[in-house]
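Structural overview
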Amino acid sequence: PDDPDNYLYMSLGDGGDADDPNNAGQDLTTPLGSILRIDVDAGAPALAPLTNPFADDMGPNEDLIWVYGLRNPWRFSFDRQTGDLYIGDVGQNEWEEIDFVGSTSKGGLNFGWNIMEGKHCFLEENCDNSALVEPIYEYPNNANYIKTLLGLRQKKPDGCSVTGGYVYRGKHITDLYGRYVFGDYCTGKVWSIIYENGR
C-alpha cells in the first residue's frame with residue numbers, strides 16, 4: 001500500500017484454526033492477527049519505529065504491531081489523499097467487515113477478533129467490547145451463502161469473503177470520488193461506501 005509515512009505496513013492473519021484457538025488476535029506477544037509497521041531503512045534486522053504504540057514493550061513482537069484484533073485482513077490500503085487506512089477483514093461464520101484507522105491515529109487499536117466478529121459478540125453472548133473498535137461497515141457472510149448454494153435458504157447472500165479495495169481518487173467517475181470501493185470474493189459483488197465525520 002501507499003503508506004503515508006515511508007514505513008512498511010504488512011498484515012498477518014491469526015494463523016489458526018476456527019475460532020482462533022491460540023487467541024492470536026488478542027495476543028500482543030505474537031505478530032499474528034495484526035498489521036505491523038516496520039522501519040526497513042533502520043538496518044538489519046528491520047526495526048519498529050519509535051512512534052509505534054507498543055514500541056516501549058520489551059517483547060520481540062509487540063513493538064512491531066500497529067493495530068490488532070484482526071482475523072484475516074485481506075487487502076488494506078491508504079487513502080492517497082488523506083492517509084486514512086482501510087482494512088477488509090474476512091470473517092469466520094457470520095460477518096465480513098471493513099475497519100478504519102484515521103490518519104491522525106497513534107495506532108494500538110483493537111478491532112476485536114476473536115471477542116467480536118463484525119459488530120457482534122463471537123465466543124460469548126454478552127462480551128465486553130468497551131475497549132474494542134467496531135468496523136465502519138459489515139455485511140453477512142459464509143453460513144448464509146453456503147446454505148443458499150445448497151438450496152436451503154431463499155435469501156440471496158451478500159457474500160462470504162470480503163476483499164478490501166481503495167478510496168477512489170480518479171477523475172473519470174465523479175460519483176465515486178472519495179468513496180471506498182471493495183468487493184466480495186465469493187459473489188463478485190462490488191460496493192462503495194463513504195466514511196466521513198466518524199460515520
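Everything quoted here is computed from the prediction, not taken from an experiment. (Residues numbered from 1 in each chain as written. Predicted model: local features only at pLDDT ≥ 70, side-chain atom pairs only at ≥ 80, totals over all residues. Heavy atoms only, no water.)

Overview of the state of the cysteines
Condition: When two cysteine sulfur atoms are found within 2.5 Å, that pair is recorded as a disulfide. Secondary structure elements are taken from DSSP: a helix is a run of H or I of four residues or more, a strand is a run of E of two residues or more, and numbering for both begins at the N terminus.
Applying the stated rule across the entire model yields two disulfides. With a sulfur-sulfur separation of 1.7 Å, Cys160 is cross-linked through a disulfide to Cys186. Looking down the S-S bond of the Cys160 and Cys186 bridge, the torsion is -55°, so its handedness is left-handed. Here Cys186 lies in the loop between β11 (180–184) and β12 (190–193) and Cys160 lies in the loop between α1 (142–149) and β10 (162–167), a separation of 26 residues in the sequence. Counting only the cysteines that take part in disulfides, in the order they occur along the chain, gives the pairing 1-2, 3-4.

Looking at the pattern of salt bridges
In plain terms, the rule: Any Lys or Arg side-chain nitrogen found within 4 Å of a carboxyl oxygen on Asp or Glu counts as a salt bridge. Type-normalised accessible area, obtained with a 1.4 Å probe on protein chains alone, sets the label of each residue: buried when under 20%, exposed when over 50%, and partly exposed for intermediate values.
This model, assessed by the stated rule, comprises two salt bridges. The salt bridge involving Asp5 is made with Arg37; its shortest N-O contact spans 2.9 Å. A residue pair is termed long-range when its members are at least 10 positions apart, and Asp5 in the segment before β1 (8–12) and Arg37 in strand β2 (residues 34–38) qualify at 32 residues. Of the residues examined, Asp5 reaches a relative accessible area of 24% and is grouped as partly exposed.

Quick word on the nonpolar core
Soluble globular proteins tend to bury their nonpolar side chains together. Keep this limit in mind: Put simply, a nonpolar core is a bunch of buried Ala, Val, Leu, Ile, Met, Phe, Trp, Tyr and Cys residues held in one set by side-chain atoms that sit within 4.5 Å of each other. In what follows, residue pairs with any heavy atoms lying within 4.5 Å of each other are defined as contacts.
Counting 12 residues, the largest nonpolar core is built from Tyr86, Val90, Ile98, Phe100, Ile136, Tyr139, Val162, Val167, Tyr180, Phe182, Trp191 and Ile193. Of all the secondary-structure elements, those providing two or more residues to this core are β6 (95–101), β10, β11 and β12. What Val162 contacts, discounting residues up to four positions off in sequence, is Trp74, Gly88, Asp89, Val90, Glu96, Glu97, Ile98, Tyr139, Phe182, Gly183 and Asp184. Membership of the second largest hydrophobic core comes to 11 residues, among which are Tyr9, Val67, Leu85 and Val101.

Comments concerning the sheet that holds β11
Quick reminder of the rule: Following DSSP output, two strands are said to pair if at least two bridges run between them. Interaxial angles span 0 to 180 degrees and are taken between N-to-C directions of axes, which are lines fitted to C-alpha atoms, for helices over the stretch in contact.
Pairing is antiparallel in the open sheet, where three strands are placed in the order β10-β11-β12. Looking at which strands have only one partner, the edges of the open sheet turn out to be β10 and β12. Strand-to-strand twist in this sheet, taken as the mean axis angle between neighbours without regard to direction, amounts to 25°.

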